Amino acid sequence: GLSEKLGGVFKKLKGRGKLTEADVKEAMKEVKMALLEADVSYKVVKDFVANVTERSVGEDVLKSLTPAQQVIKIVNEELVKLMGEANSKINFPSKPPCVIMMCGLQGSGKTTHAAKLAKMFKRQGSRPLLIAADVYRPAAIDQLKIVAEKAEVPVFEMGQIDPRKIVKAGLKEAKDYGYDLVIIDTAGRLHIDEELMDELKDIKKIAEPNEIMLVVDAMIGQDAVKVASSFDEALGIDSVILTKLDSDTRGGAALSVLAVTGKPIKFVGMGEKLDEFEPFHPERMASRILGMGDMLTLIEKASQTVDEEEAEKLAKKMQEEGFDLDDLLEQMKQIHKMGSIKNIISMLPGANKVSDEDLEMGEAALKKTEAIIHSMTKAERKKPAIIDPKRKRRIAAGSGTQVSDVNQLLKQYDDMKKMMKQFGIGGGMLHGKSARR
Ligand code: GDP
Ligand code: MG
């Protein structure tokens, strides 16, 4: 898939200290192939690669201390551009109700997301009405009722009769009872067929929707593009909801959908629960496609905040003498400079699983670590291996902690040292500089 390919390219770039123009061109070849394979149109890919290459081979980038990171950053920025601006607005007409028509293949998430939208708009002060226009399976109407109840939004249904009649009557109901938002849940099929499209076209004619939203399952990957194109050609869509992003797909489809159809993704679904729903953020999606969480933002923030001279001194020292506990403390101070731990963690991949309690514990652990290191002698900080059990007890007492805390810190230090080695000593992102020059 696209993400794996790009991931591979960037791993290669990351592992290098210096880059040449040829390196960038080579990497861009693979980016190009990956994007083409993901069904992004040739013109879009060509422009994308041209932009990234032009920006990457600039003097500033190649001569910078972290060229690979810079190139990744440029790719990221161009990906964001490709996905357009964040825009989740739905234009309410001056004369209510606003009508949203959901369409998409069977199982894509129409019913679930009709309820998610209804709940969101209700919270914003609207009075939504859901119309049950998927009449082919009796269970479909029941399912809509169940999710609607969770959203505390009423459902208009007439059983399994002609959906055209249902929509007509539902709209009348909305006007009569002052609902200002109508969301029509339509039927889907496993594959696009003429009968389905004819039905949807009729519903469109009757309902004159303000917004036709195509619901696309991110897990179908590249097929998303074909689905979006077909629906757009046959019915005309206004926007896309990309669902099931909680799955392990990285969402490369997001890139192709917009690039090919020109229709924006307005919302994303991240789970079965009604709250697992949010406006589409191109930056987050670009990072996700790159597989790095908001790592780039973090790198950027780090390089802005960290004092350049300090960083260089630290990098030089680490290269010559290795990474000791004083360095760990220094790193921690830099982290503090960058802002609260909460902000930092929220930028890391998988961060939405971090609870407030975890975050508070993180802050507390940091303070504790600082206290422990301050209770050590200079020699101990340089060479933690010399700390014997007796000293551990003294350090614990001196810092108001337990011996187990001291042990834990020493273990953390070992782990971090290993990690620094993996990045190449001094190549860690926290000081924003590469020592390998
Ligand atoms: P429809 O056939 O298009 O109406 O799709 P449904 O709304 O019935 O959804 C199909 C299945 O996917 C159901 O089991 C939903 O609970 C599930 N589903 C919908 N959206 C999401 C999502 O964002 N994430 C996950 N994990 N499951 C989803
Ligand atoms: Mg449904």
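In this convention, every chain numbers its residues from 1, walking through the sequence in written order. Following the order in which they are written, the chains are lettered starting with A and the ligands numbered starting with 1. Where totals are concerned, whole chains, interfaces and linings use all residues; where local detail is concerned, this predicted model gives features only for residues with pLDDT of at least 70, and gives and counts side-chain atom pairs only at 80 or more. With hydrogens and water stripped out, all remaining heavy atoms of the structure feed into the side-chain values.

Draft legend 1. How the structure looks around the sheet that holds strand β4 (residues 181–186). Two strands pair if DSSP finds at least two bridges between them. The numbering of helices and of strands both runs from the N terminus, where a helix is a DSSP run of H or I of at least 4 residues and a strand a run of E of at least 2. Here we have eight strands laid out as an open sheet, ordered β3-β2-β4-β1-β5-β6-β7-β8, and mixed in their pairing. Each edge of the sheet is formed by a strand with only one pairing partner; in this case those strands are β3 (155–156) and β8 (277–279). Bridge count between strand β5 (residues 211–217) and strand β6 (residues 239–243): five bridges; the pairing is parallel. Following the sheet pairing, Leu-214 is matched in β6 by Val-240.

Draft legend 2. The arrangement of the packing of aromatic side chains in detail. In this analysis, rings of Phe, Tyr and Trp, with Trp reduced to its six-membered ring, are considered paired at centre separations within 6.5 Å, and the interplanar angle assigns stacked below 30 degrees, edge-to-face beyond 60, and tilted for intermediate values. Counted by the stated rule, this structure contains two aromatic pairs. With a centroid separation of 5.7 Å and an interplanar angle of 65 degrees, the aromatic rings of Phe-92 and Phe-121 are classed as edge-to-face. Of this pair, Phe-92 sits in the loop between α5 (67–83) and β1 (98–103) while Phe-121 is found in helix α6 (residues 110–123), placing the two residues 29 residues apart along the sequence. Here's how the labels work: a residue is buried when its accessible area is under 20% of the maximum for its type, exposed when over 50%, partly exposed in between, all with a 1.4 Å probe on protein chains only. Judged by relative accessible area, Phe-92 falls into the partly exposed class, the value being 36%. In our convention, an over-ring charge means Lys NZ or Arg CZ found within 6 Å of a ring centre and within 35 degrees of that ring's normal. The lysine or arginine in question, Arg-127, covers the ring of Tyr-179, its NZ or CZ lying 4.5 Å from the ring centre. Here Arg-189 stacks its cationic end above the ring of Tyr-136, 5.3 Å away from the centre of that ring.

Draft legend 3. Expanded view of unusual backbone geometry. Between Pro-96 and Pro-97 the backbone carries a cis peptide bond, its omega angle lying at 0 degrees. Within the secondary structure, Pro-97 is located in the loop between α5 and β1. Residues other than glycine seldom take positive phi values, yet Glu-208 does so here, at roughly 40 degrees. Summarising the element assignment, Glu-208 is placed in the loop between α9 (194–207) and β5.

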